[in-house]
Amino acid sequence: MKRATLFLTFILLPLLMSCIEPEQATGDHLAPYKQSLLPASQGDIAPLGEIPRYRITVRLDAEALTLTGRQQVFYTNNEGNKLGEVYFRLYPNLPQFGGQMQVQRAIVGARDTLFTYEAGNTALKLPLTPSLLPGEKLQIELDFTVQVPHAEDDEPHLFGLSQGILSLPNFYPMLAVHEAAGWHLDVAPEFSDAVFSEVALYEVSITAPLDMMVVTSGSALETQPNPDDGTQTVYCVGGPMRDFSLMMSREFQVASTTAYSTTVNSYYLPPDASSGQAVLQHAAAALRAYSDAFGPYPFAEFDVVEAPLGNSAMEYPGLILIGTDLYRKRADAREFLVVHEVGHQWWYSLVGNDAVNHPWLDEGLTEYSVYVYNQMIHSGDAADELVESRWLIPYQVAVGKGLDAAADQSSLAFSEENYEYIVYAKGALFFHALHQAVGDQVYLAIMREYLQQYKHGIATPADFLRLAEAVSGQDLDPIYLEWVLTVR
Ligand SMILES: [Zn+2]
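**Considerations on the overall build of the protein chain**
Looking only at helices and strands, the protein chain has 11 helices and 23 strands in total. Here the C-alpha atoms of the protein chain give a radius of gyration of 22 Å, agreeing with the 23 Å that 2.2 N^0.38 yields for 488 residues. For the protein chain, the proportion of its 488 residues judged to be buried stands at 47%.

**Notes on the sheet that holds strand β9 (residues 160–162)**
Pairing within the open sheet is antiparallel, and its 4 strands lie in the order β9-β10-β18-β15. The open sheet terminates on both sides in strands that have one partner only, identified here as β9 and β15 (213–216). On average, adjacent strands in this sheet sit at an angle of 20° to one another, irrespective of strand direction. Examined bridge by bridge, β15 and strand β18 (residues 246–249) share 4 bridges and lie antiparallel to one another. By the bridge assignment, methionine 213 is partnered in β18 with serine 249.

**Re the domain arrangement of the protein chain**
Here the protein chain is partitioned into domain 1 (33–248), domain 2 (253–343) and domain 3 (359–485). A separation of 23 Å is found between the C-alpha centroids of domain 2 and domain 3. Taken together, the 11 residues of domain 2 in the interface contact 13 residues of domain 3. Broken down by secondary-structure element, the contributors of at least two residues to the side of domain 2 that touches domain 3 are α4 (273–294) and α6 (331–343). No other element matches the 6 residues that α4 contributes to the side of domain 2 that touches domain 3. In terms of residue class, the side of domain 2 that touches domain 3 is made up of 8 nonpolar, 3 polar and no charged.

**Points about helix α11 (residues 477–485)**
Quick reminder: α-helices carry 3.6 residues per turn. Residues three or four places apart thus point the same way. Of all the residues in α11, the buried ones are Ile479, Tyr480, Trp483 and Val484. Along α11, the residues classed as buried sweep out an arc of 95° about the axis, all on the same side. Projecting away from the buried face of α11 at angles above 90 degrees are the exposed residues Asp477, Pro478 and Leu481. As for α11, its buried residues are in contact with α9 (419–454) and α10 (461–472).

**Let's talk about the environment of lysine 426**
Mapped onto the secondary structure, lysine 426 falls in helix α9. Judged by the 27 C-beta atoms lying within 10 Å of it, lysine 426 is buried. Expressed as a C-alpha distance, the spacing of lysine 426 and aspartate 404, which sit 22 residues apart in the sequence, is 9.1 Å. Lysine 426 has contacts with Tyr395, Ala407, Tyr421 and Trp483, leaving out every residue within four places of it along the chain.

**Points about the packing of α4 against α6**
Packing of α4 against α6 leaves a shortest axis separation of 9 Å and a crossing angle of 45°. Here α4 lies oblique to α6, going by the angle between them. Taken as a pair, α4 and α6 cross one another with a handedness that is right-handed. When α4 is examined against α6, the residues Ala278, Val279, His282, Ala283, Ala286, Leu287 and Tyr290 are found in contact with a partner set consisting of Arg334, Glu335, Val338, Val339, Val342 and Gly343. Of the residues belonging to the contact of α4 with α6, the class tally is 9 nonpolar, 2 polar and 2 charged.

**A few points about the pairing of strand β7 (residues 123–132)**
Bridge count for strand β3 (residues 83–89) against β7 is 6 bridges, and the pairing is antiparallel. Considered in β7, the bridge of valine 86 is made with leucine 126. Note that strand β6 (residues 116–118) and β7 share 3 bridges and pair antiparallel. In the sheet register, tyrosine 117 faces β7, and the bridge partner there is leucine 124. Linking β6 back to β7 in an antiparallel pair, the connection comprises 4 residues, with alanine 119 at a positive phi of about 50°.

**A short note on α9**
Taking 1.5 Å as the rise per residue, α9 with 36 residues should run 52 Å; its terminal C-alpha atoms sit only 26 Å apart, a clear shortfall. Roughly 120° is the biggest bend found in α9, and it falls at glycine 439. Residue histidine 456 follows α9 closely and has a positive phi angle near 70°.

**Digging into the pairing of strand β21 (residues 301–307)**
With respect to burial, β21 is a largely interior element, 7 of its 7 residues being buried. Burial of β21 is two-sided: the residues Glu301, Asp303, Val305 and Ala307 facing one way and the residues Phe302, Val304 and Glu306 facing the other way are all buried. Of the crossover connections in this fold, the one passing from strand β20 (residues 262–268) over α4 to the parallel β21 is left-handed. Note that β21 and strand β23 (residues 319–323) share 5 bridges and pair parallel. When the bridges of β23 are listed, alanine 307 appears paired with glycine 323.

**Remarks on the sheet that holds β6**
Spatially, the 4 strands line up as an open sheet ordered β6-β7-β3-β11, and their pairing is antiparallel. This sheet does not close on itself; its edge strands, each paired only once, are β6 and β11 (174–175).

**Points about the nonpolar core**
Core analysis: the biggest nonpolar cluster contains 143 residues, and Met248, Ala283, Leu287 and Ile322 have the highest contact counts within it. For this core, the element with the most residues is α9, which contributes 16 residues. With near-sequence residues (within four places) excluded, leucine 287 lies in contact with Ala259, Thr262, Val264, Tyr297, Phe302 and Val342.

The rules behind each value
- Residues numbered from 1 in each chain as written.
- Predicted model: local features only at pLDDT ≥ 70, side-chain atom pairs only at ≥ 80, totals over all residues.
- Helix = DSSP H or I, 4+ residues; strand = E, 2+ residues; numbered from the N terminus.
- Rg over C-alpha atoms; globule rule 2.2 N^0.38 Å.
- Buried ≥ 20, exposed ≤ 12 C-beta atoms within 10 Å, placed from the backbone.
- Pairing = 2+ DSSP bridges.
- Axes fitted to C-alpha atoms, helices over the stretch in contact; angles between N-to-C directions.
- Domains from an automatic or database assignment.
- Contact = placed C-beta atoms within 7 Å.
- Nonpolar A, V, L, I, M, F, W, Y, C, P; charged D, E, K, R; others polar.
- Arc of directions from axis to C-beta.
- Parallel < 35°, antiparallel > 145°, perpendicular 65-115°, else oblique.
- Left-handed = near helix turned anticlockwise from the far one by under 90°.
- Expected span 1.5 Å × (residues − 1).
- Bend = angle between axes of the 7 residues up to and from the residue.
- Right-handed = clockwise from strand over helix to strand, strands pointing away.
- Core = buried A, V, L, I, M, F, W, Y, C linked by C-beta atoms within 7 Å.

So, in C-alpha cells, the structure goes:
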C-alpha cells in the first residue's frame, strides 16, 4: 500500500525537506530508489550507469482540479553525439488526454532558458547552449501546471476526474527518447498507446487533501499530514522505472496479498469489494506465474487500481488500471484483462519498445503471454481455446473484411477498425507460431533470454528475431514473414 507503509528514516527526511543532492546526505545516491526494489533486484540499478533521475514535487488543488509541480531532472548525455537540445513530452496535452499542461519556467544548469512547444504542444524543446557533450551531466528544473479535465457524466477517461477517481498517468513532463535518428516526438492516435520512454529513477512528493487515497508506481516511504491546510504529503520512490503513474480517490478501499515477496494491492470503489478481491487474486497469480516463466518481478509493490476506463485496462510500471465495467458487468473478460496488463510488467515495463512505431511487439507478446499463464494456471485446453477465440477467429474476420495489414507498423498506419485485430491478434499469432515451432522449453528460454538481455532497455522487432534465432538455433524468417510482414 502506498500511504500506510511508514518507513521514515533519518536519511530520508532531510531529502524531503531540502533540495540537497542525495549522495551528499547518504553516501549512496541509489539508496532511496533501492527501497522500491526487492532485495534480490537492488543490484540492478548500478549497472545501468547514469540514467535520468527525477525529483518531482506536485500539489493537487482538488477544488480547482489543478496540479502544480516542480521537477528537477538530473540528466546525463548517454548518446554517442553531442546534444543541442533536450525534449520533454507533455502527454496531458494529447487530445485523448484532454488536459492542459503548461511549463512556466525552465532552468537549465543555473540559467533561465527560453523554451518552445512542438508536436501539438505535446513536446517541450529546451535548447542547450553550449551543447551537451557525451558523458556530460546537466540539471534541468521545470515548473509546470496541469489543468485536469473533469469528464462529463462520468464518461470513461484515461486522464482526468471521473467516477470519483482522479486518474493522472503521465502527469509530469517526461524526457523524450533520443536515438540515432533523433528525438522521438510521435503523436499516437487515440486508439493506441502514446508513451515511449526510457527507465529513470524517481523521487516524488505528492501533496493532496488528507482524505485522498494516493496510489503511485513504486513505493510510498512516508506520509506526513500537514495540519495547517488539511493536506498530506506522500513521499514515494521508484526505479528503475519507465514511467511513474499517479491515481487518487477519496473512495478507494484496498485489499492486499503477496506474490512471492511482492506486496500486491487492489484498490477499488466501495460497491466493487468482491470484484476487487477477484482482481487481486488474478493479479497475484499472474505475477507468480510470469515470475516463474520469464524471470522475477523486481519491485517490492504492485498495484491494481479501479479506473474510469469502461471495459478497458491500461499498464504502467508497477501499477495497472482496470476499467470499472470489468468489476461490475464484464466478469467474463476480467481475468484475461488483468493477466494481460500484468504481462506488460515484463513486456513494456521491464523490456521496453517503441510502442508507437512497433506496438505489436509488446502488445502481441503480452497478449500471447496469457497463453502461457493459462497453461500454468488452468490447462492446455484452456490455453488452446484462447488461440481460437481471442486471436485466430478475430484475425480471420479481419482478413475477410479486407482489414489485414502488416503487424510491424506504426500505430499511425492503422485505423481504429483494424488496430486490435492486427497488433493484438495477429501479433499474438506470431508468438503462437514461434511457440509451436520451437516447443515449450525453448520458447520459455527465448523469453528468459529476451528479459535478461533487454531488461530496463529498449528492444526492436529485429532484436527479438535475432535473439529468438540465436536461442532456438532455427531460421525463424518464414514465421516472421507469415505473421508479421505478410498481408492477406
Ligand atoms: Zn496491452
